[in-house]
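Report on the structure
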Amino acid sequence: MTGSAPEHTKVAIVGSGPAGHTAAIYAARAELKPMMFEGWMANGVAPGGQLTTTTDLENFPGFPEGILGGEITDRFRQQSERFGTRIFTETVDKVDLSKRPFVLTTPERQVTADTVIIATGAVARRMDFPGAGEGAGGFWMRGISACAVCDGAAPMFRNRPIAVIGGGDSACEEANFLTRYGSKVYLIHRRDEFRASKIMQNRVLENEKIEVLFNSVVTAAKGAEDGKRLGAIAVRDVVTGAERDVEVSGLFFAIGHDPATRFLDGQLELDDSGYVVTQPGTTQTSVPGVFAAGDVQDKKWRQAITAAGTGCMAALEAEHFLEAHA
């Protein structure tokens, strides 16, 4: 970083998923000349966010045949740039939100901004055991996923056994959801009782297509006969130590998400799980002029389309804020 005066922008966008790029498109079309910091492997994810880890995206409007996650994020970027967004492949690691203009710092530069849109997302927690990763010998996105709503309807899972790991409301909800597609769903939980709400527990226990494996952990993922996709998981009983293989075509992690808010250093109000708190019905945060969009403030839906919607809201709210504070 040079010693020259920092650049200034009316709108700085931190994050580059559907929320960030929708905000950029709206802000750029309003001639606010936004700057976007798309990150460089921030939180272990490539620029473009979690969609870059998805193969076929089939529930985003406008793509009746589906589209690859990496392809749609490339299109987001091209559209943002088309309208004049300046995009930096840099990770914001420090912000000063104590006064306007706000200050954002990356390893390469420092900029000031009249408004800031936080769209850094949340990363699904993944488990680490043999076969769970990417590359050779791993079945991530070849049967293993962390989003049942995103991937559960894929042909490879239809009328085949599926497993979900977790014990909270999300795990129970995803297990029930997957019964629409799978022939059977195993819900695997390392404890002897769920953490989920009673109503969610009852829905699972009353569903004939769900088999709950309490006191159990997955120790390995194994390939099908062709070796190209998931075929089975090794499950160990933590009480008896007994281990067995369970045939499945899909395995979904439902063990929570980690919102990317650490870089904020406590300058915005967060909830108990670390998500940015926004005023109901808005993207306004606890600091006037700072807005949050997408999964960084949405712990319930976490879908590309809902993220895009809040990105639109954030850009419009930033525009109105600038008009009111001109």
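Residues numbered from 1 in each chain as written. Predicted model: local features only at pLDDT ≥ 70, side-chain atom pairs only at ≥ 80, totals over all residues. Heavy atoms only, no water.

Looking up the chain in an unreviewed UniProt entry gives the name Thioredoxin reductase, with the organism given as Prototheca wickerhamii. Comment text from UniProt for the chain, heading Catalytic activity (unreviewed entry), reads "[thioredoxin]-dithiol + NADP(+) = [thioredoxin]-disulfide + NADPH + H(+)". (UniProt positions renumbered as here; feature names shortened; annotations may be inferred.)

Note: disulfide means a covalent bond formed between the sulfur atoms of two cysteine side chains. Counted by the stated rule, this structure contains one disulfide. Each sulfur in the disulfide pair Cys 147 and Cys 150 lies 2.1 Å from the other. Here the S-S torsion is close to 65°, and the disulfide linking Cys 147 with Cys 150 is therefore right-handed. Cys 172 takes part in no disulfide bond, and the closest cysteine sulfur, belonging to Cys 147, lies 17 Å away. Using a relative accessible area of 0% as the deciding quantity, one classes Cys 172 as buried. (Disulfide = S-S within 2.5 Å. Buried < 20%, exposed > 50% of the residue type's maximum accessible area, 1.4 Å probe, protein only.)

This brings us to the sheet that holds strand S16 (residues 243-247). With antiparallel pairing, three strands are arranged side by side in an open sheet as S14-S15-S16. For this open sheet the edge positions go to strand S14 (216-223) and S16, each flanked by a neighbour on one side alone. Strand after strand, the sheet turns through a mean of 30° between neighbouring axes, direction not considered. (Pairing = 2+ DSSP bridges. Helix = DSSP H or I, 4+ residues; strand = E, 2+ residues; numbered from the N terminus. Axes fitted to C-alpha atoms, helices over the stretch in contact; angles between N-to-C directions.)

If you walk through the whole model with that rule in mind, you get nine aromatic pairs. Both rings, one in Phe 177 and one in Tyr 181, keep their centres 5.5 Å apart while their planes meet at 65°; by these two values the pair is edge-to-face. Tyr 181 shares its class with Phe 177; the two are buried. Ring geometry for Phe 291 and Phe 321: centres 6.2 Å apart, planes at 80°, overall edge-to-face. One end of the pair, Phe 291, is in strand S19 (residues 290-292); the other, Phe 321, is in helix H6 (residues 304-324), with 30 residues separating them in the sequence. Both residues of the pair, Phe 291 and Phe 321, belong to the buried class. Taken together, the ring pairs in this structure connect Phe 60, Phe 63 and Phe 76 into an aromatic cluster. The ring of Phe 83 carries Arg 29 above its face, with NZ or CZ at 5.2 Å from the centroid. Taking the ring centre of Trp 140 as reference, the NZ or CZ of Arg 126 above it sits at 3.6 Å. (Phe/Tyr/Trp six-rings, centres within 6.5 Å; stacked < 30°, edge-to-face > 60°. Lys NZ or Arg CZ within 6 Å of the ring centre and 35° of its normal.)

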